[in-house]
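A closer look at the structure
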Amino acid sequence: MSNKDHAYKNFGGKVGKVFSTSEPEWPMPPTAPPDAPNVLVMLVDDLGFSDLGCFGSEIETPALDRLASDGIQYTNFHVNPMCSPTRASLLTGLNSHMAGMGHVAHFDPGFPGYAMEIREDALTMGDLFQEHGWASLMIGKWHLCKDSNLSEAGPKHSWPLQKGFERFYGILGGFTNFHQPHRLHEDNHALDIDDYPDDYYFTDDLTDQAIKMIKELRTSDRTKPWFMYFAHGAVHAPLQAKSEDIEKYKGKYDAGWDELRKQRFERQQELGVVSDQALLPDRNFEQNHAVKPWDELTSLEKELFARYQEIFAGMVDNVDQNFKRLRDELERMDEWDNTIIVFTSDNGGSREGQELGTSAYFRTLLAFTGHTDLESTELDHSRIDLLGGPRSLAHYPMGWAMTSNTPFRLYKTNTHQGGQQVPLIVHWKKGLPSDNQLRHQYQHVTDLLPTICELVGIEIPTSKGEEQVPPAAGKSFASSLTNPSADSTHSKQYYEMIGHRGMYKDGWSASTIRQPETVFSEEHWELHDLRNDPTESVDLSEKYPEKVESMKSLWEETAWENQVFPLDEGNNVKNILRPPWNEKLVQEMVLYPGTPTVERWKSQQLISFRNWSVEVELDYKSTDQGTLFAHGDQGGGYALYVMDGTLLFSHNGYGEMTNIQCGEMSEGHNTIVVTVTPPDFLHWDVEISLNGTTMATHTGLLALLAMAPFQGIDIGIDSKSPVNWEIYEKYRNFSYTGLLERVRYLPGDLTDFAGSKWIDFLKEEGKRFE
């Protein structure tokens, strides 16, 4: 039998016949052009304009200073004044509201500009690079997925791997504990981690994983280029750093924020990143944004506030150390020379620490609701030795945010320059040799996608599948990378964040400072000529009223084009509104031993602004001990333990511990019920019963609110960051040694002060005007 006949017989006379008459055909996989560059986009979180040495800082950042010296440094680069909106614009080239991300991804009010996930018809950098033959990798903070979709049940359509990335390692949410992260993800799943090594640090881990991903790629393909979006969790709160990095800056901030701001401004002018004609504005004075003079602080406040900044400096320093480590590895692998590096920040320095700073981040976030009576400098100072470590979730006072944003006014969330003008460094040794000239062209984060695509030769399509993609907001500024005198390619840009409004056009800036629940039409618009007054020191609105009206009209027109409305009035409606199907997350939940940590937002829904109880069933023997359930971490939480034959309920009220002894256990089958009743907005009353008998009660515990408890529910273990540190020091995770049958969470009725009740009230009030 001939080979042809053999093939024909074996393949039923069909496939073999094809083989004998034609060559096989395979679909061609996406392939990048020969010698295409790698691309590394590195985004740092809450890094202000002046926080790098090359932008005037005293913080030691030699690796990034070298990158700027060898590359191209932009001094007039702008982003959106909040993290999720900048991330959406960076990845899509769209204005943030048009991308669906008008605010941070912790809300879901049902408006297109505030969908809290990237719109489905948008193309991301991940999509484009993967479709053109690059490996598409992501490391770090995502924060482009609404809270209700963070669990393993999803839906996962807005997770990184569904937005163009082939690999992911990091956090899906906005921040985490740097020593003991609350929930790490790899690719499309959460990692089930019980404990971290004592020397673990999140920024180090991200760098390890970035290097690992590139090495893994190279084991399979020696030439395939890679695109990596590396979004640091640092230097966002909580302020936590390695002890050696903190101690390096001990005493360096004792002079205070006024003096440090002055020193940074002088260095900026020496370096040329700020013009000689620029003025250093007065210390921030605006209503609800004012900074107290350093000289008017008490000695206790000065000592505490300086310590906060020492920790922040240590975090920035560590980012620089890890950048050097990544660069060294890329050079060793012969990857560096043909890698485009883009380094920037997502917004200006953050004022979330308010006037006093905090050792308890969630407690201070609660202060944004008006409950400031929990703030205590004396309490925070008593914990000064814990600051920066795993037991404290700190944030600096907004005086240091003002210093971070030198020479500009105001902070993250504001539409003034301090909220949205940040460092930008571009480096490509093979393709963009440095000319040692600073770039002062106005450019915006929406310009990065078209610029990078032009550099690597990718044409941005106008459609995604059969749908037209929204028109790009930005334009490539590749021309100024090679020509220092090239014109800016971005002539106008609107800004909006929680009601603050801003408009830039051809060197002019108009902006407002929003005061909640005031009339928008009565707000004052400042006017500044940034060409002569880059620090917005001189308000020209009275001199040029026609210009103000023109800028206001342009803002209104652009806002309608970019689905900015409705504006945030400050009544919390946009923060509270949720779709009705979220109610399915608030149902009785039964958990069994071995269940991984429940996702944090799902866990919070079971206890937030409602009556609730937890029922534990177990068969107890006298030698059994350990954690029955735990919810939360060192930032706030509660847990139930069996220790030395007795029942112990621990409550961590933003760092303040209350331990409630609940009596002796009895051998055999036991049912334990913890019942929580909130008597008011800020407190919990707790009752613990054993087999129907009340064993302990406690009134007036601090209610856990404002994203606390931040770590989800554990059964039979207190994993990762513990609720009770003393128990952790003795037993680590304190896994239960006996037979724990099940734990049942029973969410009860909402309290009268729950957010959704506020929505109901507003709806009823609205009917009066129909």
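Refer to the structure presented above.
In this text the structure is predicted, and so the values were computed from the model without any measurement. (Residues numbered from 1 in each chain as written. Predicted model: local features only at pLDDT ≥ 70, side-chain atom pairs only at ≥ 80, totals over all residues. Heavy atoms only, no water.)

1. Focus on the overall build of the protein
Formally: To qualify as a helix, a DSSP run of H or I must reach at least 4 residues; to qualify as a strand, a run of E must reach at least 2; elements of each kind are numbered from the N terminus. For each residue, the accessible area found with a 1.4 Å probe, counting protein chains only, is set against the maximum for its type, and the residue is called buried under 20%, exposed over 50%, and partly exposed in between. Pairs of residues are marked as contacts when any of their non-hydrogen atoms sit within 4.5 Å.
Looking only at helices and strands, the protein has 21 helices and 27 strands in total. Each of the three principal axes of the protein carries a C-alpha extent, and together these read 100 × 80 × 65 Å. The 770 residues of the protein split such that 61% are buried. Of all intrachain contacts in the protein linking residues separated by at least 6 positions in sequence, the fraction that spans at least 24 positions is 73%.

2. What to know about the layout of surface pockets
Keep this limit in mind: Here a cavity is any set of points on a 1 Å grid over the protein atoms alone where a 1.4 Å probe fits but cannot get out, and a pocket is any open set with protein on both sides within 12 Å along at least 5 of 7 lines; a residue lines the site when it has an atom within 4 Å of a point. Grid points are joined across faces, edges and corners, and a volume is the space filled by probe spheres set on the points. Each residue is assigned to one of three groups, with Ala, Val, Leu, Ile, Met, Phe, Trp, Tyr, Cys and Pro labelled nonpolar, Asp, Glu, Lys and Arg labelled charged, and all others, Gly among them, labelled polar.
Roughly 490 Å³ of internal volume is contained in the second largest pocket. Around the second largest pocket sit 26 residues that line it, and Asn76, His440, Leu530, Arg531 and Pro534 are the ones nearest its centre. With three residues, strand E2 (residues 72–78) is the largest single contributor of residues to the lining of the second largest pocket. Residue composition of the lining of the second largest pocket, grouped by class: nine nonpolar, 15 polar and two charged.

3. As for the environment of Thr61
Checked against the element boundaries, Thr61 lands in the loop between strand E1 (38–44) and helix H3 (62–70). In the structure, Thr61 is positioned 196 residues away from Trp257 in sequence and 20 Å away in space, judged by C-alpha atoms. Thr61 has contacts with Asp51, Leu52, Gly53, Val316 and Asp320, leaving out every residue within four places of it along the chain.

4. Here we look at the sheet that holds strand E17 (residues 589–591)
Note: strands within a sheet are paired through backbone hydrogen bonds, in either parallel or antiparallel orientation. Put simply, the test is: Two strands pair under a simple rule: DSSP has to find at least two bridges between them. Only C-alpha atoms enter the line fits that serve as axes; for helices the fit covers just the stretch in contact. Angles between N-to-C directions range over 0 to 180 degrees.
The strand order E17-E27-E18-E23-E24-E25 describes an open sheet built from six strands, whose pairing is antiparallel. Edge positions in the sheet fall to E17 and strand E25 (693–702), since each of these pairs with one other strand and no more. Averaged over all pairs of adjacent strands, the angle between their axes in this sheet comes to 15°, without regard to strand direction. Taken together, the seven bridges between strand E23 (residues 668–680) and strand E24 (residues 683–690) define a ladder with antiparallel strand orientation.

5. Structural notes on the packing of helix H7 (residues 202–220) against helix H10 (residues 299–332)
Each pair of packed helices can be summarised by the angle the axes make with each other and by the distance between the axes. Put simply, the rule is: Roughly parallel covers angles under 35 degrees, roughly antiparallel covers those over 145, roughly perpendicular covers 65 to 115, and oblique covers all other angles. By convention the crossing between two helices is left-handed if the near helix lies anticlockwise of the far one by an angle smaller than a right angle, and right-handed if it lies clockwise.
Orientation of H7 relative to H10, taken along the N-to-C sense of each, is 15°, at an axis distance of 10 Å. Accordingly, the angle class assigned to the pair H7 and H10 is roughly parallel. Seen from above, H7 lies across H10 with right-handed handedness. Here H7 contributes Thr203, Asp204, Thr207, Asp208, Ile211, Ile214 and Lys215 to the contact with H10, which in turn contributes Asn318, Val319, Asn322, Arg325, Leu326, Glu329, Leu330 and Arg332. Looking at the contact of H7 with H10 residue by residue, the classes come out as five nonpolar, four polar and six charged.

6. A look at the environment of Val573
Following the sequence through the fold, Val573 ends up in helix H18 (residues 573–576). Counting along the chain gives 161 residues from Val573 to Phe734, while the straight-line C-alpha distance between them is 42 Å.

7. A few points about unusual backbone geometry
Note that the residue after Ala237, namely Pro238, is joined by a cis bond; omega there is 0°. The omega torsion across Thr406 and Pro407 is 10°, close enough to zero to call that bond cis. Along the polypeptide, Pro407 turns up in the loop between helix H13 (398–404) and helix H14 (417–420). Despite not being glycine, Met116 has its phi angle at roughly 65°, a positive value. Its location among the elements puts Met116 in the loop between helix H5 (96–99) and helix H6 (125–131). The phi torsion at Glu536 lies on the positive side, around 55°, for a residue other than glycine.

8. Things to note about the nonpolar core
To keep things clear, this is the line we draw: The nonpolar core is taken to be a set of buried Ala, Val, Leu, Ile, Met, Phe, Trp, Tyr and Cys residues, with the residues joined through side-chain atoms within 4.5 Å.
In this structure, Leu52, Trp226, Met228, Phe230 and Phe343 are the most contacted members of the largest nonpolar core, which totals 80 residues. Per-element accounting of this core gives the leading share, 13 residues, to H10. Among residues more than four places away in sequence, those in contact with Phe343 are Met42, Val44, Leu47, Leu52, Leu64, Leu67, Pro423, Leu424 and Ile425. Core analysis: the second largest hydrophobic core is formed by 76 residues, Tyr74, Ala99, Phe165 and Leu172 among them.

9. A few points about the packing of aromatic side chains
The criterion, for reference: A pair of aromatic rings is counted whenever rings of Phe, Tyr or Trp (Trp by its six-membered ring) have centres within 6.5 Å, and the orientation is called stacked for planes under 30 degrees apart, edge-to-face for over 60 and tilted otherwise. Consider the ring centre and the ring normal. A charge sits over the ring if Lys NZ or Arg CZ is within 6 Å of that centre and within 35 degrees of that normal.
On inspection of all chains with the given rule, the structure shows 41 aromatic pairs. Ring geometry for Trp257 against Trp400: centres 5.6 Å apart, planes inclined by 80°, an arrangement best described as edge-to-face. Separated by 143 residues along the polypeptide, Trp257 in helix H9 (residues 257–271) and Trp400 in helix H13 bring together distant segments of the chain. Taking NZ or CZ as reference, Arg501 lies 5.5 Å from the ring centre of Trp555, over its face.

10. Regarding helix H17 (residues 545–561)
Basically, it comes down to this: By definition here, a helix of n residues has an expected span of 1.5 Å times n minus one. This arc is built from the directions going out from the helix axis to the C-beta atoms.
The terminal C-alpha atoms of H17 lie 25 Å apart, and with 17 residues this matches the ideal 24 Å at 1.5 Å per residue to within 8%. Along H17, the positions that sit buried rather than exposed are Val548, Met551, Leu554, Trp555, Thr558 and Ala559. Seen from one end, H17 has its buried residues packed into an arc of 130°, which puts them on one side. Across H17 from its buried face, at more than 90 degrees, point the exposed residues Glu546 and Trp560. As for H17, its buried residues are in contact with strand E13 (492–497), strand E14 (500–505), strand E15 (508–511) and strand E16 (526–529). Of the residues trailing H17, Gln563 is marked for its positive phi of about 50°.

11. Re the pairing of strand E22 (residues 656–664)
Inspection of the sheet shows strand E21 (residues 646–653) paired to E22 by seven bridges, in the antiparallel sense. The partner of Gly653 across the bridge, within E22, is Glu656. Counting the residues in the hairpin turn of E21 and E22 gives two residues, including Tyr654, whose phi is positive at 60°.

12. Quick word on empty space enclosed by the protein
For the structure on display, the rule yields seven cavities of 30 Å³ or more. Its boundaries defined by the atoms lining it, the largest cavity holds a volume of some 80 Å³. Considering the residues around the largest cavity, the lining is formed by Leu150, Leu172, Gly173, His182, Arg183, His185, Glu599 and Arg600.

13. Some words on the pattern of salt bridges
Between side chains of opposite charge, a pair can form when the charged atoms approach closely. The criterion, for reference: The salt bridge definition used is simple: a Lys or Arg side-chain nitrogen within 4 Å of an Asp or Glu carboxyl oxygen.
For the structure on display, the rule yields 50 salt bridges. Salt-bridge contacts for Lys412 lead to Glu352; the nearest nitrogen and oxygen are separated by 2.8 Å. In this pair, Lys412 is assigned in the loop between H13 and H14 and Glu352 in the loop between strand E8 (339–345) and helix H11 (361–367), connecting sequence segments 60 residues apart. There is no split in this pair, since Lys412 and Glu352 are both buried. Between Arg439 and Asp435 there is a salt bridge; the shortest N-O distance is 2.9 Å.

14. Notes on the side chain of Lys720
Our working rule: Positive charges are assigned to Lys and Arg, negative charges to Asp and Glu, while His and the chain termini are left out of the count. Each polar contact in these results corresponds to two N or O atoms within 3.5 Å; when the atoms are within protein, one needs to be able to donate a hydrogen and the other to accept it, and residues that are neighboring in sequence are counted only if both atoms are side-chain atoms.
As for its placement among the helices and strands, Lys720 is situated in the loop between strand E26 (713–715) and helix H20 (725–731). For the buried Lys720, no salt bridge is present, and the opposite-charge side chain at shortest range is Asp714, 5.0 Å distant. Within polar-contact distance, the side chain of Lys720 engages the backbone oxygen of Ile193 at 2.9 Å. Side-chain polar atoms of Lys720 contact the side chain of Ser719, separated by 3.2 Å. Not counting residues within four places of it along the chain, the set of residues in contact with Lys720 comprises Gln180, Pro181, His182, Ile193, Asp194, Asp195, Tyr196, Thr597, Gln711, Tyr728 and Asn733.

15. Let's talk about the sheet that holds E14
The strand order E13-E14-E15-E16 describes an open sheet built from four strands, whose pairing is antiparallel. Sheet topology places E13 and E16 at the edges, where each strand pairs with a single neighbour. Strand after strand, the sheet turns through a mean of 10° between neighbouring axes, direction not considered. Taken together, the six bridges between E13 and E14 define a ladder with antiparallel strand orientation.

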